[in-house]
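# Coordinate analysis (summary)
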Amino acid sequence: MAASGRSREERWSLAGKTALVTGGSKGIGRAIVEELAGFGVRVHTCARSDADLQECLRRWGADGRLARVTASACDVAVRDDRERLVAAATEELGGKLDILVNNAGQTMFRAATETTAEDYARIMATNLESSFHLSQLAHPLLAAAAAASPGGEASSVVNVSSIGGFVSYPALSVYSATKGAMNQLTRSLAVEWAKDNVRVNCVAPGGIRTDIASNSGMKLDPEVARKMWEAEMARVPVRRIGEPEEIASLVAFLCMPAASYITGQVICADGGRTVAA
Ligand code: NAD
């Protein structure tokens, strides 16, 4: 339903909504969990490490709306784990799911000629297959939530891809291929699921201040890393790295009635990196 008949407050609200956010223990995912919960969304999240999640839950437990966040350990690269995750989220969220954020992802800096079949399978399963399968598993819940919404509000899937889906870096071919495919998955599901009142959008971050590079297993000489970083920043018009909160606010907006006419879009949040000459 169009947001035009609603008050400004209603258009910029997520009150009463529920969400599943993957990869919420760190970085961008943690910021998304905190942003959505701050808007009153009941959030279930996951990460690979249970210890990391327990640490987050301890911190969130003392903090108002964040205290309602629930979590379960899950490796999104594993099919059975994904099924268990959606079942756990459904139970924790009272059988209702309005929002799915496919954020969990892994990068891999490796020359194409040195990439093994196992490397390839792992990155594909973590980034692309998980986004497709979790969307598939969530679809009946998202469609039911939209059908039951008193104001006819759409449910939302938001994928987190990367500017690597648009521009090319050496030694990032498999990661970038997963992100380009996530962009097109977003457009395809948006067209297919519009009839169910499920909007599907995607946020493509540029360089964001998180631990993702150190989690990639990449071992780089600090001097080489510094030079690579300087070269990258020189191509970002705003001349700075992004912060996780700058992605989280865009994700929250895309789930609101304020974004009711936006579906099938891939929005870069990259300080202008992809449009610079
Ligand atoms: P991060 O490494 O800081 O955090 C990743 C989170 O995902 C963690 O909570 C981790 O537990 C979880 N995760 C990773 N693999 C998982 C798996 N197999 N199963 C379950 N959970 C898993 O990373 P980040 O920088 O916050 O990245 C989040 C997303 O943003 C990723 O999809 C990434 O590709 C994308 N992205 C990040 C940047 C950046 O510069 N940080 C740029 C573009 C895109």
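Please read these numbers as outputs of a predicted model, since none were measured by experiment. (Residues numbered from 1 in each chain as written. Predicted model: local features only at pLDDT ≥ 70, side-chain atom pairs only at ≥ 80, totals over all residues. Heavy atoms only, no water.)

## Concerning the overall build of the protein
Put simply, the rule is: By definition, any uninterrupted DSSP run of H or I lasting at least four residues is a helix, any uninterrupted run of E lasting at least two residues is a strand, and each is numbered from the N terminus. Note that the radius of gyration is over C-alpha atoms, with the globule rule given as 2.2 Å times the number of residues to the power 0.38. Exposed residues in this analysis have more than 50% of their type's maximum accessible area, buried residues have under 20%, and partly exposed residues fall in between, with area computed by a 1.4 Å probe over protein chains only.
Within the protein one finds 8 helices and 7 strands. On C-alpha atoms alone, the protein measures out to a radius of gyration of 18 Å, which is about the 19 Å that the 2.2 N^0.38 rule sets for 277 residues. Along the three orthogonal principal directions, the C-alpha set of the protein runs to about 55 × 40 × 35 Å. Sorting the 277 residues of the protein into buried and exposed places 48% on the buried side.

## A closer look at the UniProt feature "domain: Ketoreductase" (unreviewed entry) in the protein
Rules: UniProt positions are given in the numbering used here, feature names are shortened, and annotations may be inferred rather than shown by experiment.
UniProt records the feature "domain: Ketoreductase" (unreviewed entry) for residues 17–166 in the present numbering. Across residues 17–166, the secondary structure splits into 47% helix and 17% strand, with the terminal C-alpha atoms separated by 32 Å.

## Some details on the environment of Q265
Inspection of the secondary structure puts Q265 in the loop between α8 (244–255) and β7 (266–269). The class of Q265 is partly exposed, set by a relative accessible area of 40%. On a C-alpha basis, the gap between Q265 and T186 in space is 7.3 Å, while along the polypeptide they are 79 residues apart.

## Let's talk about empty space enclosed by the protein
Definition in use: Buriedness for pockets is judged along seven lines, at least five of which must meet protein on both sides within 12 Å for an open set on the 1 Å grid over protein atoms alone, while cavities are sets there where a 1.4 Å probe fits but cannot get out, and lining residues have an atom within 4 Å of a point. Grid points are joined across faces, edges and corners, and a volume is the space filled by probe spheres set on the points. Here the term charged refers only to Asp, Glu, Lys and Arg, the term nonpolar to Ala, Val, Leu, Ile, Met, Phe, Trp, Tyr, Cys and Pro, and the term polar to all other amino acids, Gly among them.
In the structure shown here, the tally under the stated rule is 1 cavity of 30 Å³ or more. Size it by volume and the largest cavity reaches roughly 70 Å³. If you go around the largest cavity, you meet 10 residues; those closest to its centre are E153, A154, R199, M256 and P257. In the lining of the largest cavity, the residues fall into 5 nonpolar, 1 polar and 4 charged.

## A short note on the site of the ligand
For clarity, the cut-off: Think of it this way: one heavy atom of a residue within 4 Å of a molecule or strand is enough to make that residue near it. Whenever two N or O atoms come within 3.5 Å, that pair is a polar contact, provided that in protein one can donate a hydrogen and the other can accept it, and provided that, for residues adjacent in sequence, both atoms are side-chain atoms. A 1.4 Å probe and the Shrake-Rupley method give the accessible areas. Residues count as covered only by the protein chains that appear here.
Near the ligand, the surroundings consist of 29 residues, among which I28, N103, Y175, T210 and N215 are the closest. At 2.8 Å from a nitrogen atom of the ligand is found a side-chain nitrogen or oxygen belonging to D75. Between a nitrogen atom of the ligand and a side-chain N or O atom of R122, the distance comes to 3.5 Å. Summarising the interface, the protein chains cover 96% of the accessible area of the ligand, which totals 820 Å² for the free molecule. For the shell around the ligand, the elements supplying multiple residues, two or more each, are α2 (27–38), α5 (117–148) and α6 (173–193). Here the residues of the shell around the ligand sort into 10 nonpolar, 13 polar and 6 charged.

## Overview of α5
Each full turn of the α-helix corresponds to 3.6 residues, which orients residues three or four apart in the same direction. Spelled out, the test is: Expected helix span is taken as 1.5 Å per residue step, with the number of steps being one fewer than the number of residues. Two axes enter the bend calculation: one fitted to the seven residues ending at the residue in question, the other to the seven starting there, and the bend is the angle between them.
An ideal rise of 1.5 Å per residue puts 46 Å on 32 residues; α5 measures up with 44 Å between its terminal C-alpha atoms. At A138, α5 shows its maximal kink, close to 45°; a proline, P140, follows between one and four residues later.

## Considering the sheet that holds strand β4 (residues 99–102)
Filter applied, for reference: We treat two strands as partners when DSSP finds at least two bridges between them. Think of each axis as a best-fit line through the C-alpha atoms, taken over the contacting stretch in the case of a helix, with angles from 0 to 180 degrees between the N-to-C directions. Should any heavy atoms of two residues lie within 4.5 Å, those residues are counted as being in contact.
Taken in spatial order, the 7 strands line up as β3-β2-β1-β4-β5-β6-β7 in an open sheet, and their pairing is parallel. Both edges of this open sheet fall to β3 (70–73) and β7, since each of them pairs with a single strand only. This sheet shows a mean twist of 15° between the axes of neighbouring strands, independent of strand direction. Bridge analysis of strand β1 (residues 18–22) against β4 gives 3 bridges, and the strand direction is parallel. Directly across from V21, in β4, lies its bridge partner V101. Along the sheet, helix α3 (residues 50–61) makes contact with β2 (42–47) and β3, crossing β3 at roughly 170°. Each of β4, β5 (155–160), β6 (198–205) and β7 touches α8; the most contacted strand, β6, lies at about 165° to it.

## Observations regarding the state of the cysteines
The following threshold applies: Note on terminology: disulfide denotes any pair of cysteine sulfur atoms within 2.5 Å.
Under the counting rule described, the total for this entry stands at 0 disulfides. With no disulfide of its own, C56 has C46 as its nearest cysteine by sulfur position, at a separation of 12 Å. Overall, the relative accessible area of 2% leaves C56 in the buried class. Unpaired in this structure, C202 has its nearest cysteine sulfur neighbour in C268, at a distance of 8.6 Å.

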